[in-house]
Amino acid sequence: MKEKLEAIKNSALSQIKETDSLEKLNDIRVAFLGKKGELTEVLKGMKDVAPEDRPKVGQIVNETREAIESLLAERIAMFEAEKLRRRYKAEKIDVTMPAKKAARGNLHPITQIKNELIDIFGSMGFEIYEGTEIETDHYNFTALNTPQDHPARDMQDTFYLSPEFLLRTQTSAGQIHVMETGKLPIKVISPGKVFRSDDDATHSPMFSQMEGLVVDKGITLCDLKGMLDVFVKKIFSEEVTTRLRPSYFPFTEPSVEVDVSCFQCGGKGCKLCKGTGWIEVLGAGVVNKKVLEGCNIDTEVYSGFAFGIGIERIAMLKYGINNIKLLFESDLRVLDQIDDN
Ligand code: PHE
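Residues numbered from 1 in each chain as written. Predicted model: local features only at pLDDT ≥ 70, side-chain atom pairs only at ≥ 80, totals over all residues. Heavy atoms only, no water.

### Some words on helix 10 (residues 311–319)
Inference 1: Among the residues of helix 10, I311, E312, I314, A315, M316 and L317 are the ones counted as buried.
Inference 2: G320 lies just past helix 10 and shows a positive phi near 65°. (Buried < 20%, exposed > 50% of the residue type's maximum accessible area, 1.4 Å probe, protein only. Helix = DSSP H or I, 4+ residues; strand = E, 2+ residues; numbered from the N terminus.)

### Side note on empty space enclosed by the protein
Inference 1: With the rule as written, the count across this model stands at two cavities of 30 Å³ or more.
Inference 2: Lining of the largest cavity is provided by F141, T146, A152, R153, M155, Q156, Q170, F249, P250 and F251.
Inference 3: Classifying every residue of the lining of the largest cavity by side-chain character gives six nonpolar, three polar and one charged.
Inference 4: The volume enclosed by the second largest cavity comes to roughly 50 Å³.
Inference 5: Around the second largest cavity sit Y129, G174, Q175, V178, V188, I189, S190, E211, G212 and L213, which together line it.
Inference 6: Every element with two or more residues in the lining of the second largest cavity is listed here: helix 7 (173–180), strand 4 (186–195) and strand 5 (206–217).
Inference 7: Classifying every residue of the lining of the second largest cavity gives five nonpolar, four polar and one charged. (1 Å grid on protein atoms, 1.4 Å probe; cavity = no way out; pocket = protein on both sides within 12 Å on 5 of 7 lines; lining within 4 Å. Points joined across faces, edges and corners; volume = space filled by probe spheres on them. Nonpolar A, V, L, I, M, F, W, Y, C, P; charged D, E, K, R; others polar.)

### Examining the packing of helix 5 (residues 109–123) against helix 10
Inference 1: Between helix 5 and helix 10, whose axes approach to 9 Å, the crossing angle comes to 105°. Viewed along their axes, helix 5 and helix 10 adopt a mutual orientation that is roughly perpendicular. Facing P109, I110, Q112, I113, K114, E116 and L117 of helix 5, the residues of helix 10 in contact are I311, E312, I314, A315, K318 and Y319.
Inference 2: Per-class residue counts for the contact of helix 5 with helix 10 are eight nonpolar, one polar and four charged. (Axes fitted to C-alpha atoms, helices over the stretch in contact; angles between N-to-C directions. Parallel < 35°, antiparallel > 145°, perpendicular 65-115°, else oblique. Contact = heavy atoms within 4.5 Å.)

### Re the side chain of R168
Inference 1: Of note, R168 is situated in the loop between strand 3 (165–167) and helix 7.
Inference 2: Summary of buried charges: R168 has no salt-bridge partner, and the nearest side chain of opposite charge, E133, is 4.9 Å away.
Inference 3: When sequence neighbours within four positions are dropped, the list of residues in contact with R168 reads G131, T132, E133, E135, N140, G192, K193, V194 and F195. (Lys, Arg positive; Asp, Glu negative; His and termini not counted. Salt bridge = Lys/Arg side-chain N within 4 Å of Asp/Glu carboxyl O.)

### Quick notes on the nonpolar core
Inference 1: Membership of the largest hydrophobic core comes to 41 residues, with the highest contact counts inside it found for F121, F231, F236, L282 and F307.
Inference 2: Only helix 5, strand 5, helix 8 (221–235), strand 7 (252–261), strand 8 (278–287), strand 9 (302–310) and helix 10 provide two or more residues apiece to this core.
Inference 3: The greatest single-element share of this core, amounting to six residues, is contributed by helix 8.
Inference 4: When residues no more than four places from it in sequence are discounted, the contact partners of F307 are F121, F126, M210, E211, G212, L224, M227, L282, G283 and A284. (Core = buried A, V, L, I, M, F, W, Y, C linked by side-chain atoms within 4.5 Å.)

### Re the packing of helix 1 (residues 2–18) against helix 4 (residues 54–91)
Inference 1: Where helix 1 meets helix 4, the closest approach of the two axes is 10 Å, and the angle between their N-to-C directions is 0°. Here helix 1 lies roughly parallel to helix 4, going by the angle between them. Contact with helix 1, carried on its side by K2, L5, K9, A12, L13, I16 and K17, involves V57, I60, V61, T64, A67, I68, L71, L72 and R75 of helix 4 and no other residues of that element.
Inference 2: Looking at the contact of helix 1 with helix 4 residue by residue, the class counts come to 11 nonpolar, one polar and four charged.

### What about the packing of aromatic side chains?
Inference 1: A full pass over the atoms with the stated rule returns seven aromatic pairs.
Inference 2: Ring centres 6.4 Å apart and planes at 75° place the aromatic pair F126 and F307 in the edge-to-face group. Separated by 181 residues along the polypeptide, F126 in the loop between helix 5 and strand 1 (127–128) and F307 in strand 9 bring together distant segments of the chain.
Inference 3: Each residue in the set F121, F126, F231, F305 and F307 is aromatic and connected to the rest through ring pairs, giving one cluster. (Phe/Tyr/Trp six-rings, centres within 6.5 Å; stacked < 30°, edge-to-face > 60°.)

What follows is the structure, encoded as structure tokens:
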């Protein structure tokens, strides 16, 4: 019996060692350890072993089984590791290979400029006030020192919804709402859409403005000029300077039209600046005392400045767009060229 077991063990171990696949290993297991396997068959002969020899033989059977099982386990682990290795190799991808670029959209140029303006003024400490597109005649005109029969009303062709309500023609309407809260000092910007019955290459019935309003003790036109100089350098370029020209708005006194030195020709005169070296970019001024008083602000102590930036105008200048319609037609051939990074 002992020899038989020894022979089984040797035969099993050598077969296992020679085997080159997982499937064959399984066949060997069945052939030796299975229900009808060789070792099992030998065990059936135990009944013929003398009782005193049985523990000894039993031990040898166990040892034989363990030897076969442990070599099987070892080999199986080896083949499985090898299988995995082969799979990793086959599925390997080169992560350093250049990928196909996915098409990526841009923010609309108007949004880009608006965000840029918000960043610039935000860094100067301005807060944001968002007004409404439908306004009353009072906030859009009367409270801004433009009563019903005022000739300045002709400056802006208005869409009236009723005698009282209209589509705001200027973000300046927001100035009154902010001042009415009674909180001082004030340092706000107010971006938003405005509407005028106006339509040509540089005007659209709907466009975007950004209002700025500062009210504090001792504010003068110099503060406005200083702040605008910082602003134009940031939005156009370091070399750009500003120039103020007298103008008229009912809600500012004095009022100015702000020009920037031409960032294309550096002021020598070119097509963009129509040979003048200057480009008009916004309207501004010192807040008219009448407007402050209307909002119960003590003009002995407080004064302010306001400005209104046309966002489309800045976008057209910055990106060299000559027709405002291009900003509203959503033509991807145009919009794709104005990348937002
Ligand atoms: N609201 C004026 C406009 O739309 C611009 C402006 C704003 C002028 C603030 C002065 C002060 O033309």
